[in-house]
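Below, each chain spelled out in residue letters.
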Amino acid sequence: MGEFDLEKTGSVKHASNASSNDSQSGGSNSDAARLAEMGYSQDLNRNFSILSLVGIAFCMSNSWFGISASMITGINSGGTVLIIYGLLWITLISLGVGASLSELASSMPNAGGQYFWAYELAPRKYACCASYLSGWFGYAGAIFACSSVVLGLGQGAVGMWKLGHPDFEIESWHVVVAYQVINFFCFLFNCFGKVLPAVAKCTLYISLISFLVILVTVPACARFHASAEYVFGHFVNSTGWKSDGMAFIVGLINPNWIFACLDSATHLAEEVPRPEKNIPIAIMTTVGIGFVTSWTYCISMFFGIKDLDSLVNSTTGVPILELYYQALDNKAGAIVLETLLIVTGMGCQIACHTWQSRLCWAFARDRGMPGHKWLSQVNHTLDVPLVAHSVSCFIVGVLGLLYLGSTTAFNSMMTACISLLYMSYSTPIICLWLKGRNNIHHGPFWLGKLGMVANVVTIVWTIFCLVMYSFPSTMPVQTGNMNYVSAVYGVVVSIMLVDWFARGRKSFKCDEVSEAKIEESE
């Protein structure tokens, strides 16, 4: 096989629409021409700079916020040890995942991301199926991640009210109301494409400033400081698992969650100049900043812990809020710090909306979604895929109602989002192996043999997550603490199969694969 030729493969896709719009503001002739070679027209302006792209990518993971929102799982499964050392391990894994995504994004920058790569790299007979699977896994993962973030924000808002009003009894519907209000508020920011880069920069600054304020305030105000031995060596197993190793493994969901969404920048490939260089920078910068902020934040917070049990059993339902209160011994001060955390989290939610809407729009552009004719539309006045954005946020809102029926089932979506996203990443990587790493066009970011190592890490970790994260987080297993992640997988796969056989296999890209190319691949 010869070197991968984007122009040749791109000619079979969207041939009637393969024209560049070089006059688009923020776009360059070369970027638009490269996109046209892939078979797509320039429908969105290239408004994002490298700084605003990093803002979206980092705020999407917002690692120090994420570790705060999901802290309860980590504390139960290993205490401070799990989170501190788990972050080191997950960062190494994320470097491999990020490098794998960066190589592909540098080679084939496209808003479709992993589903586009799978289509281009898979054997022609299986290209449609591989691409369809990757697209649906990625979109489902994005929706679940978005739901998990806004749940954490809703719980934080209700928890602050509880801290200020001790007689208030928290009920599920309180959290759901806060969930819906915050989801709608954040929805508004993605309705105006031209201001979105400025919003991304602003949320990046807010995140870093809030991080520094909390990082300094908590240890400075705490009258009691835990010992270094406690912070770096205190292992807690409150899961019911007899094996501490198993408890540690199921608890890795906490640090893993904050680095699971590394593909967000790839879906802005058509809104940033020189995406083959800028997207890898954004992905790898996200991992770097994410590790530094989350690791130093956790160490600083843990030195302010007075009573670990009260964090786990906090009446507010928000462990990090209880930690702030323990350190400051002042309700107003704890609420102020939690407010900074929630404002930071809203930046994360806005980035989540950007991510899921672009993936939905790109996937619908290739007829991968039901209602693709509407979902693929771009509102050129607002410069956003408004229908895709609105529908995606509506789905997130509907999923919030699940919390009323079962908090455990809802929380299983957080676990599912990690595995689904990793499966969407691994699909094009497997296709890359089948085609041959040296048989594709290499972008500016290419690691050679180290890239192969990164690919292996990504696939092995995907298998690990699928198996190990399916175990219950606590034992013995009962209806109230069951891990329903397998049921979530079943629902996603069922929707995919119904859509594939009813519509997808006839419309999704397949009419663009010529018989000549099928014979050529054989």
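Since the structure is predicted, the reported quantities are computational estimates derived from the model, not experimental observations.

What counts, and at which threshold
Residues numbered from 1 in each chain as written. Predicted model: local features only at pLDDT ≥ 70, side-chain atom pairs only at ≥ 80, totals over all residues. Heavy atoms only, no water. Helix = DSSP H or I, 4+ residues; strand = E, 2+ residues; numbered from the N terminus. Rg over C-alpha atoms; globule rule 2.2 N^0.38 Å. Buried < 20%, exposed > 50% of the residue type's maximum accessible area, 1.4 Å probe, protein only. Areas by Shrake-Rupley, 256 points an atom, 1.4 Å probe, with all protein chains shown as cover. Core = buried A, V, L, I, M, F, W, Y, C linked by side-chain atoms within 4.5 Å. Contact = heavy atoms within 4.5 Å. Expected span 1.5 Å × (residues − 1). Disulfide = S-S within 2.5 Å. Phe/Tyr/Trp six-rings, centres within 6.5 Å; stacked < 30°, edge-to-face > 60°. Lys NZ or Arg CZ within 6 Å of the ring centre and 35° of its normal. Axes fitted to C-alpha atoms, helices over the stretch in contact; angles between N-to-C directions. Parallel < 35°, antiparallel > 145°, perpendicular 65-115°, else oblique. Left-handed = near helix turned anticlockwise from the far one by under 90°.

Novice: Can you walk me through the overall build of the chain in this structure?
Specialist: When helices and strands are counted, the chain shows 24 helices and zero strands. Radius of gyration (C-alpha) of the chain: 23 Å, near the 24 Å computed for a compact globule of 522 residues. Across its three principal axes, the chain shows a C-alpha extent of roughly 70 × 50 × 40 Å. The proportion of buried residues among the 522 residues of the chain is 60%. Carbon and sulfur atoms make up 66% of the accessible area of the chain, which totals about 19200 Å².

Novice: Which parts of the structure should I look at to understand the nonpolar core?
Specialist: Side chains of nonpolar character tend, in soluble globular proteins, to be buried together. Counting residues in hydrophobic clusters, the biggest one holds 152 residues, and the most contacted among them are Phe144, Val218, Tyr297, Tyr324, Ile418 and Leu420. When residues of this core are assigned to their parent elements, the largest contribution, 20 residues, is made by helix α8 (residues 127-164). Apart from residues lying up to four places away in sequence, Ile418 is in contact with Ile253, Asn256, Trp257, Ala260, Cys465 and Tyr469. Formed by five residues, the second largest nonpolar core is a distinct cluster that contains Trp241, Ala247, Val250 and Met468.

Novice: What's the story with the environment of Thr458 in this structure? I'm lost.
Specialist: Of note, Thr458 is situated in helix α22 (residues 449-468). On the basis of relative accessibility, which here comes to 1%, the residue Thr458 falls in the buried class. On a C-alpha basis, the gap between Thr458 and Ser390 in space is 32 Å, while along the polypeptide they are 68 residues apart. If sequence neighbours within four positions are ignored, Thr458 has contacts with Gly96, Val97, Ser100, Tyr425, Ser426 and Ile429.

Novice: It is not clear to me how helix α3 (residues 50-61) should be interpreted in this structure. Could you clarify?
Specialist: Because an α-helix completes one turn every 3.6 residues, residues spaced three or four positions apart along the sequence face the same direction. With twelve residues, α3 should cover 16 Å at 1.5 Å per step; its first-to-last C-alpha distance of 17 Å lies within 8% of that length. Within α3, ten of the twelve residues are buried, which leaves the element mostly enclosed by the surrounding structure. Looking only at α3, the buried set comprises Ser52, Leu53, Val54, Gly55, Ile56, Ala57, Phe58, Cys59, Met60 and Ser61. For α3, the secondary structure elements touched by its buried residues are α4 (63-69), α10 (196-221), α14 (275-302) and α17 (331-365). Taken from the residues just after α3, Asn62 is the one with a positive phi, measuring 40°.

Novice: Help me understand the state of the cysteines in this model?
Specialist: Two cysteines joined by a covalent bond between their sulfur atoms form a disulfide. All told, the structure shown has zero disulfides when counted by the stated rule. Free of any disulfide, Cys348 has its nearest neighbouring cysteine sulfur in Cys352, separated by 4.4 Å. Classification of Cys348 as buried rests on a relative accessible area of 2%. In this model Cys431 remains outside any disulfide bridge; the closest cysteine sulfur is found in Cys129, 9.8 Å from its own. Judged by relative accessible area, which is 6%, Cys431 ranks as buried.

Novice: Honestly, the packing of aromatic side chains in this entry has me stumped. Any pointers?
Specialist: How two aromatic rings sit relative to each other is given by the distance of their centres and the angle of their planes. Inspection of every chain in the model, using the stated rule, returns 23 aromatic pairs. Taken together, a centroid distance of 6.4 Å and an interplanar angle of 50° make the contact between Tyr115 and Phe508 tilted. Residue Tyr115 is located in helix α7 (residues 114-121), and its partner Phe508 is located in the loop between α23 (485-507) and α24 (515-521); the two are separated by 393 residues in the primary sequence. When the centroid spacing of 5.9 Å and the interplanar angle of 90° are considered together, the rings of Tyr403 and Phe410 count as edge-to-face. Each member of the pair, Tyr403 as well as Phe410, carries the same accessibility label: buried. Three or more aromatic residues joined by ring pairs make a cluster, and in this case those are Tyr115, Tyr132, Trp136, Tyr139, Phe363, Trp500 and Phe508. Over the ring of Tyr119 we find Arg124, and its NZ or CZ is 5.0 Å from the ring centre. Directly above the ring of Trp361 sits Arg365, whose terminal nitrogen or CZ lies 4.6 Å from the centroid.

Novice: Would you mind showing me how to read the packing of α17 against helix α19 (residues 386-400) here?
Specialist: Each pair of packed helices gets described by two things: the angle between the helix axes and the distance between those axes. Taken N-terminus to C-terminus, the directions of α17 and α19 make an angle of 120°; their axes are 8 Å apart at the nearest point. Judged by the inter-axis angle, α17 sits oblique to α19. Remark: the crossing between α17 and α19 carries right-handed chirality. Two secondary-structure elements touch here, α17 through His353, Gln356, Ser357, Cys360 and Trp361 and α19 through Ala388, His389, Ser392, Cys393 and Val396.

Functional significance is not addressed by these values, which are geometric in nature.
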